[in-house]
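# Observations on chain architecture
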2 protein chains.
Amino acid sequence: MKNAPSPLSNIRIVLDHTSHPGNIGAAARALKTMGLQRLHLVEPRRFPHAEADALACDAKDVLQNAQVHTTLDEALTGCVFAAGLTARKRHMGHTCVDVREAAQRLMQIAATQEVALLFGNEAYGLSNDELSKCQLMISIPTDEAYTSLNVASAVQIMAYELRMAWLAAPQPTQAPIELARLDDIELFYKRLEETLIRIQFLDPNNPKRLMPRVRRLFARTVLEKEELNILMGMLKSINLNVK
Amino acid sequence: MKNAPSPLSNIRIVLDHTSHPGNIGAAARALKTMGLQRLHLVEPRRFPHAEADALACDAKDVLQNAQVHTTLDEALTGCVFAAGLTARKRHMGHTCVDVREAAQRLMQIAATQEVALLFGNEAYGLSNDELSKCQLMISIPTDEAYTSLNVASAVQIMAYELRMAWLAAPQPTQAPIELARLDDIELFYKRLEETLIRIQFLDPNNPKRLMPRVRRLFARTVLEKEELNILMGMLKSINLNVK
C-alpha cells in the first residue's frame, strides 16, 4: 500500500508514570497492530515486568525497544510537537480537540518531523505541569456517565486514528516549515524566566501564573525554528543590556 | 448534548465463544465509556468470573446485565441487522468495509431498529457459519506486519466509532423502512433449504455451496420485512403445489 518511510515512525508514544505493567504491554500491542513502534516510558512503576510481556503478545519487540526516562523533558527531546490526552474538555484556556482532528494535525507534522503523544497515569492523568509542555490537548469523547477509559484503550483509539489519518493522507506537496525542537523551547522558557526575574518583571516569591500563561501563548503558535532563534536572540540582547 | 433515546441502546454487542474472562470485563468497560450497554455472550468459556469483574472496573453493571446464550441464533433474535468483525479483507465474496463506514451504516439502522455486532473467539475469530449470518463484514485496518488485535481492543475501536457516528449523525427525517428480523430470516433459510431438497434442486448428500451462496445474496440485499413475507409466501405456494 504505502511504502515510503512512514510518518508513523516519526511518532513517539510517551506513557508517563504508568502504574500497571499490564497496561504498558497492552499499549505495545495496540501500537504495533496500527503500525506504530516507538514507545517511551517516563518513570514506569514496574518495568520490565512479566505482566507487560504477557499482554504484549507478539509485540514484545516494542517493549524491548522502549526507552525509559526519568523526566518527561528527556522523553520529549528531539520532538517539535507534543500532544497530551486529557479527560477534560478545556484545560488552562486551551480548547481540547477530539482524537480524529488531533490525528490529522499530528500526521501533517509527522510527515517530516518528530512528534510525541503523551498519556498520563491511570489514576490522575497528566499533571498541569506536564500538560503545559503540550501544544495540543486531546480529549476522547467518552460518555458523560462513565469517562473512565483504560490507558491502553486510549492508546488503541489514538493509534487507530493515527493509522486512519495516515491511510487517508495525501502525499505532502510543499516543503514543510521546520519547527523548533521542544527541548530548545524549554531552554527558551528557562532563559526567559531568568530574564524576567532579572528585570524584576517576575517575582520568584510571588510568580502568580505568569510562566504558565507565557507557555500557553507559545504553545498555541507552535514555534518555528527560526522564530525561536529570533526569540533567543532577543533574550540575549536583553541580558547584555540590563545592568 | 443528545437527550433523545439513543440509537446506541439499539446496538447489542455479541461476544462469541470468548476464552478469557478478562477480555469480557475489558469489553464491558470499553462499551460503557462510549455509552453502549448491551452485552450478549455466546458460550463464554468462563463467566461470571472474578477477572471479568476486575477488568470491568465501574462497568460491572454491564456484566451483570449481560445475557448469556447457548447459540448465536438466540443472541441475534429480535435484531434486523448483524455485522461481524473479521481480520480478512474479503470473505466468501463479501467485501469488508472499514470500521468507520460500518459505524455509519449501523447507526442509520439503529436509529429505529435493533442491530448486533459480532466479535469472535480470541484465537480463531468468527467461523464461516457465524459470518454467514452477517449482512456486513467489518475489518479494522491493522498493520499488515502485525494484525493481532486484542478482542477487547477491537470492541473499544468499534464502540468509539459508533459513538463518533452517533455524535455526527443528523436527526432522521424520513420514516425508516422496517427490516426483517434475523430470526425470521433464519426460518426462511430453513424453509427454503427444505423446499430446495424437496424439489430435488439441492442434494443433501452433496450440497456444494448452494446455501452459503443464497445467504450471501440475501445478506447483501438486507431484506425488508415485507419482502421476507413475500418470499415466505412464495415458499408456501411452492410447497402446496409440488407432489
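Residues numbered from 1 in each chain as written. Chains lettered and ligands numbered in written order. Predicted model: local features only at pLDDT ≥ 70, side-chain atom pairs only at ≥ 80, totals over all residues. Heavy atoms only, no water.

## Here we look at the overall build of chain A
The condition is simple: Strands are runs of DSSP state E lasting at least two residues, helices are runs of H or I lasting at least four, and both sets are numbered from the N terminus onward. In this description the radius of gyration comes from C-alpha coordinates, and the expected globular size is given by 2.2 Å times residues to the power 0.38. Only protein chains enter the area calculation, which uses a 1.4 Å probe; residues under 20% of their type maximum are buried, those over 50% are exposed, and those in between are partly exposed. Note on definitions: a residue-residue contact is assigned when non-hydrogen atoms from the two residues lie within 4.5 Å.
Each helix and strand in chain A was counted, giving ten helices and nine strands. Rg of the C-alpha trace for chain A: 19 Å, near the compact-globule value of 18 Å for 243 residues, within the 12% margin. With the C-alpha coordinates aligned to their principal axes, the bounding extent of chain A is approximately 60 × 45 × 35 Å. Burial statistics for chain A: of 243 residues in total, 51% are counted as buried. Of the contacts made within chain A by residues no fewer than 6 positions apart, 85% connect residues no fewer than 24 positions apart.

## What to know about a nonpolar patch on the surface
Going by this rule: Nonpolar side chains (Val, Leu, Ile, Met, Phe, Trp, Tyr) are joined into patches within 5 Å and like charges within 9 Å, using only residues with over 30% relative accessible area and no salt bridge. All accessible areas in this document rest on Shrake-Rupley with a 1.4 Å probe, and a residue is counted as covered only by the protein chains that are shown. Salt bridge, as used here: a side-chain nitrogen of Lys or Arg that lies within 4 Å of a carboxyl oxygen of Asp or Glu.
On the surface, A:Ile199, A:Phe201, A:Ile230, A:Met234 and A:Ile238 cluster together to form a nonpolar patch covering roughly 490 Å² of accessible area. With respect to the helices, strands and loops of the structure, A:Met234 is situated in helix H10 (residues 225-241).

## Comments concerning the sheet that holds strand E2 (residues 38-42) of chain A
Through backbone hydrogen bonds, the strands of a sheet pair up, either in parallel or in antiparallel fashion. All names here are of chain A. Cut-off, in case you're wondering: The rule for pairing is simple: two strands pair if DSSP sees at least two bridges between them. Fitted lines through C-alpha atoms serve as axes, helices being fitted only where they are in contact, and the angles separating the N-to-C directions of these axes extend from 0 to 180 degrees.
Taken in spatial order, the seven strands line up as E3-E2-E1-E8-E4-E9-E7 in an open sheet, and their pairing is parallel. Edge strands, defined here as strands with exactly one partner in the open sheet, are strand E3 (67-69) and strand E7 (97-98). Looking at chain direction, strand E1 (residues 11-16) and strand E8 (residues 115-119) are connected through five bridges and run parallel. Across the sheet, Val14 pairs through a bridge with Leu118, a residue of E8. Packed onto the sheet, helix H1 (residues 21-33) meets E1 and E2 and runs at close to 160° relative to E2. Across the sheet, helix H7 (residues 151-168) touches E1, strand E4 (81-85), E8 and strand E9 (136-139), and the angle it forms with E8 is around 150°.

## Examining the packing of helix H8 (residues 182-198) of chain A against H10(A)
All names here are of chain A. The criterion, for reference: Should an angle fall under 35 degrees it is called roughly parallel, over 145 degrees roughly antiparallel, and 65 to 115 degrees roughly perpendicular, with every other angle called oblique. In a left-handed crossing the near helix is turned counterclockwise from the far helix by less than a right angle, and in a right-handed crossing that turn is clockwise.
Contact geometry for H8 and H10: axes closest at 10 Å, N-to-C directions at 25°. With respect to each other, H8 and H10 are oriented roughly parallel. Seen along the crossing, H8 lies across H10 with a hand that is left-handed. Contacts from Asp184, Ile185, Leu187, Phe188, Arg191, Leu192, Thr195 and Arg198 in H8 reach Leu228, Leu231, Met232, Leu235, Ile238 and Asn239 in H10.

## Side note on the confidence of the model for chain A
The cut-off we apply is this: pLDDT expresses, on a scale from 0 to 100, how confident the predictor is about each individual residue.
Put simply, chain A has an average pLDDT of 90, and 93% of its residues get 70 or more. In the model output, the complex is listed with pTM 0.81 alongside ipTM 0.76.

## Quick notes on the domain arrangement of chain A
All names here are of chain A. Cut-off, in case you're wondering: Each domain's extent was defined by an automatic or database domain assignment. Buried surface area refers to the total accessible area, computed with a probe of radius 1.4 Å, that the two partners give up upon joining, counted for both partners together. Polar contacts here mean pairs of N or O atoms no more than 3.5 Å apart (in protein, one a potential hydrogen donor and the other a potential acceptor; neighbouring residues in sequence count only if both atoms are side-chain atoms). Each residue gets one label: Ala, Val, Leu, Ile, Met, Phe, Trp, Tyr, Cys and Pro are nonpolar, Asp, Glu, Lys and Arg are charged, and the others, such as Gly, are polar.
Considered domain by domain, chain A is made up of domain 1 (7-168) and domain 2 (182-241). Taken together, the 16 residues of domain 1 in the interface contact ten residues of domain 2. Summed over both sides, the interface of domain 1 with domain 2 buries roughly 1100 Å², with 57% coming from carbon and sulfur. Across the domain 1-domain 2 interface, the total number found is one salt bridge. For Lys133, the salt bridge identified is with Glu186, shortest N-O distance 3.3 Å. The interface formed by domain 1 and domain 2 contains three residue pairs in polar contact (both at pLDDT 80 or more). Residue composition of the side of domain 1 that touches domain 2, grouped by class: seven nonpolar, six polar and three charged.

## Examining the relation of the copies chain B and chain A
Rules: Alignment of copies: least-squares fit on C-alpha atoms of residues with pLDDT of at least 70 in both copies.
After a rotation of 180° and a shift along the axis of 0.0 Å, chain B superposes on chain A with an RMSD of 0.1 Å. Given the turn and translation reported, the copies of this chain are related as if by a two-fold rotation axis. Residues of chain B ranked by C-alpha distance from the rotation axis are headed by B:Ile157, positioned 2.9 Å from it. Both copies contact each other with a shared surface, as 100% of the interface residues of chain B are interface residues in chain A too.

## Some words on the interface of chain B and chain A
Each partner contributes residues to the interface: chain B has 31 residues there, and chain A has 31 residues. Of the roughly 2600 Å² buried where chain B meets chain A, counting both sides, 58% is carbon and sulfur surface. Three residues stand out in chain B for area buried against chain A, namely B:Arg100, B:Tyr146 and B:Tyr160, and they jointly supply 25% of the buried area on that side. Counting across the interface, chain B meets chain A through four salt bridges. Here A:Arg163 and B:Asp143 are joined by a salt bridge, their closest N and O atoms 3.7 Å apart. At the boundary of chain B and chain A, one finds 14 residue pairs in polar contact (both at pLDDT 80 or more). Residue assignment for the side of chain B that touches chain A shows that the elements contributing at least two residues are helix H1 (21-33), helix H5 (99-110) and helix H7 (151-168) of chain B.

## With respect to the side chain of A:Asn121
All names here are of chain A. Along the chain, Asn121 falls in the loop between E8 and helix H6 (128-131). Accessibility expressed as a relative area gives 6% for Asn121, which makes it buried. Among the polar contacts listed, one links the side chain of Asn121 to the backbone nitrogen of Ala123, at a separation of 2.7 Å. With residues near it in sequence (within four places) discarded, Asn121 still touches Asp16, His17 and Ser19.

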